[in-house]
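# Residue-level structure breakdown
The residues making up each chain are set out below.
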Amino acid sequence: MKRIAVLTSGGDAPGMNACIRAVVRYGIAAGAEVYGITRGYAGLMANDIKKMESRDVGGIIRQGGTVLMSARSMEFKTDEGQAKALDVLHGWEIDGLVVIGGDGSLNGATALHRLGFPVIGVPASIDNDIAGTEMAIGVDTALNTILDAMDKIKDTASAHQRAFIIEVMGREFGYLALMSGIAGGAEMVVLPDTDVSKDEVVREVKSAFLRGKPHFIIVAAEGASTSKKSITQLLTEYIAESGHDARSTVLGHVQRGGSPSCYDRILGTRFGAAAVDNLLAGNVGVMMGIRDGKMVTTDLETVLAARPELSAESIRLSEPMSH
Ligand code: ADP
Ligand code: F6P
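The rules behind each value
- Residues numbered from 1 in each chain as written.
- Chains lettered and ligands numbered in written order.
- Predicted model: local features only at pLDDT ≥ 70, side-chain atom pairs only at ≥ 80, totals over all residues.
- Heavy atoms only, no water.
- Near = heavy atom within 4 Å.
- Polar contact = N/O pair within 3.5 Å; in protein donor to acceptor, adjacent residues only side chain to side chain.
- Areas by Shrake-Rupley, 256 points an atom, 1.4 Å probe, with all protein chains shown as cover.
- 1 Å grid on protein atoms, 1.4 Å probe; cavity = no way out; pocket = protein on both sides within 12 Å on 5 of 7 lines; lining within 4 Å.
- Sits in = over half its atoms within 2 Å of the grid points.
- Nonpolar A, V, L, I, M, F, W, Y, C, P; charged D, E, K, R; others polar.
- Domains from an automatic or database assignment.
- Helix = DSSP H or I, 4+ residues; strand = E, 2+ residues; numbered from the N terminus.
- Contact = heavy atoms within 4.5 Å.
- Buried area = accessible area lost by both parts, 1.4 Å probe.
- Salt bridge = Lys/Arg side-chain N within 4 Å of Asp/Glu carboxyl O.
- Pairing = 2+ DSSP bridges.
- Axes fitted to C-alpha atoms, helices over the stretch in contact; angles between N-to-C directions.
- Buried < 20%, exposed > 50% of the residue type's maximum accessible area, 1.4 Å probe, protein only.

## Comments concerning the site of ligand 2
In the region of ligand 2, the neighbouring residues are Arg72, Ile126, Asp127, Met169, Gly170, Arg171, Glu222, His253 and Arg256. The side chain of Arg72 places a nitrogen or oxygen atom 2.8 Å from an oxygen atom of ligand 2. Between ligand 2 and His253, the relevant distance is 2.7 Å, taken from an oxygen atom to a side-chain nitrogen or oxygen of the residue. Contact with the protein chains removes 75% of the 400 Å² of surface that ligand 2 exposes when unbound. Counting atoms within 2 Å of the grid points, the majority share of ligand 2 lands in the second largest pocket. The residue makeup of the shell around ligand 2, split by class, is two nonpolar, two polar and five charged. Here the shell around ligand 2 spans two domains, and each of domain 1 (3-138 + 260-305) and domain 2 (139-256) adds at least three residues to it.

## Concerning the site of ligand 1
Close to ligand 1 lie 16 residues, the nearest being Arg72, Ser73, Asp103, Gly104 and Ser105. Between an oxygen atom of ligand 1 and a side-chain N or O atom of Ser105, the distance comes to 2.5 Å. The protein chains hide 82% of the 550 Å² of surface that ligand 1 would expose on its own. The pocket occupied by ligand 1, as judged from atoms lying within 2 Å of grid points, is the second largest pocket. Here the element with the most residues in the shell around ligand 1 is helix α4 (residues 103-114); it accounts for five residues. Class assignment of the residues belonging to the shell around ligand 1 gives a composition of two nonpolar, 10 polar and four charged.

## Examining the domain arrangement of the protein
With domains assigned, the protein is organised as domain 1 (3-138 + 260-305) and domain 2 (139-256). Put simply, the middle of domain 1 and the middle of domain 2, counted by C-alpha atoms, are 34 Å apart. Taken together, the contact between domain 1 and domain 2 spans 17 residues of the former and 13 residues of the latter. A buried area of about 1300 Å², summed over both sides, lies between domain 1 and domain 2, and 52% of it is on carbon and sulfur atoms. The largest contributions to the domain 1 side of the interface with domain 2 come from Ile126, Asp127 and Asn128, which together make up 41% of the buried area. Scanning the region where domain 1 abuts domain 2 turns up one salt bridge.

## Focus: the sheet that holds strand β6 (residues 163-168)
Taking strand neighbours across the sheet as the criterion, the four strands line up as β7-β8-β6-β9 in an open arrangement whose pairing is parallel. Both outer strands of the open sheet, β7 (188-190) and β9 (246-250), are each paired with one neighbouring strand and no more. Sheet twist, expressed as the mean angle between neighbouring strand axes with direction ignored, is 20 degrees. As defined by bridge partners, β6 adjoins strand β8 (residues 216-221) across six bridges and the pair is classed as parallel. Bridge pairing links Ile166 to Val219 in β8. Each of β6, β7 and β8 is contacted by helix α6 (residues 175-184), which is oriented at about 160 degrees to β8, the strand it contacts most. Most of the contacts of helix α7 (residues 198-210) go to β8, to which it runs at about 150 degrees, and overall it touches β6, β7 and β8.

## Some words on the environment of Glu80
Relative to the helices and strands, Glu80 resides in helix α3 (residues 79-91). On the basis of relative accessibility, which here comes to 59%, the residue Glu80 falls in the exposed class.

## A word on the pattern of salt bridges
A pair can form between side chains of opposite charge whenever their charged atoms are brought close. Applying the stated criterion across every chain yields a total of 11 salt bridges. We note a salt bridge from Glu53 to Lys51, for which the minimum N-O separation is 3.0 Å. Judged by relative accessible area, which is 38%, Lys51 ranks as partly exposed. Across the salt bridge formed by Glu301 and Arg114, the nearest N and O atoms sit 2.7 Å from each other. Of the two residues, Glu301 sits in helix α10 (residues 300-305) while Arg114 sits in helix α4, which places them 187 residues apart along the sequence. Residue Glu301 is classed as partly exposed on the basis of its relative accessible area of 36%. On the accessibility criterion, Arg114 (59% relative accessible area) is exposed.

Now the structure itself:
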């Protein structure tokens, strides 16, 4: 395998650049030519490819976002789109592809693998909703961003004895909410697939202030609402019934940006180098992961068939810590 390509796809995540940099530099050191594909699968189908040298990735390890840019493409989900992508890869005589992205992007990588093209997936998504790895690129930085916001919100919430809802990303998965709730000292964490009733919220808010708490912080996962109203709207209505003042902050895309943490820079670098090693060794159709601190691979098919789960230990921890 002499020519390898790399792309980033789906929601960007801080640390993607560290991974691109590692694929380029480690790949070149291993004797391969490395090609960068711009704008994910959309750029692949549009033949938006260029050869990359070590200098092209200078200074990017500390940058958020992705220098290769990212995209979402409906066309790539079709047989025609995938055939177009394969034509482009064959036209450039690319022997293998590293796909850095979330679960949707890994589905795309699996489609190429099923068509016989050698691919390696690298999990990158702030949601940490990908089975087969304890951590994905971007999660640690996003958590630190959330904590920074929570600390600030606690200052102003305490000054007014207010209840606050902080809505965090994560789609249907509650990892960001659960972990930031524990690390940020939230009074309540609202996760997807768990029922939180108006009575419970009213009771907990009243009781917290009676016990002398200076604030009541709820971290709510964006995917926690089962109604048409957002989880923030619902919780705001619930808190109003307690007679206490409520404010809310939807953190939104702030969570996706920023300079990657040390952890994400190292993780991105390790994933990128290990992806090259596996590609060159012909161990393809797999996703890189980290387990007990070690680099591991899991078949893409296995990854996509599995459902990620929140740690039961963390869920148990979050409740008593909130009192
Ligand atoms: P993420 O990778 O962050 O989860 P998306 O779910 O939007 O983001 O997926 C990114 C892109 O991956 C999609 O726009 C599409 O091009 C591709 N993709 C997603 N699912 C599939 C699929 N089942 N088959 C082929 N390509 C897919
Ligand atoms: O998957 C990453 C993520 O940031 C989710 O947490 C969020 O729901 C979604 O992407 C937002 O997507 P978009 O980039 O389309 O706004």
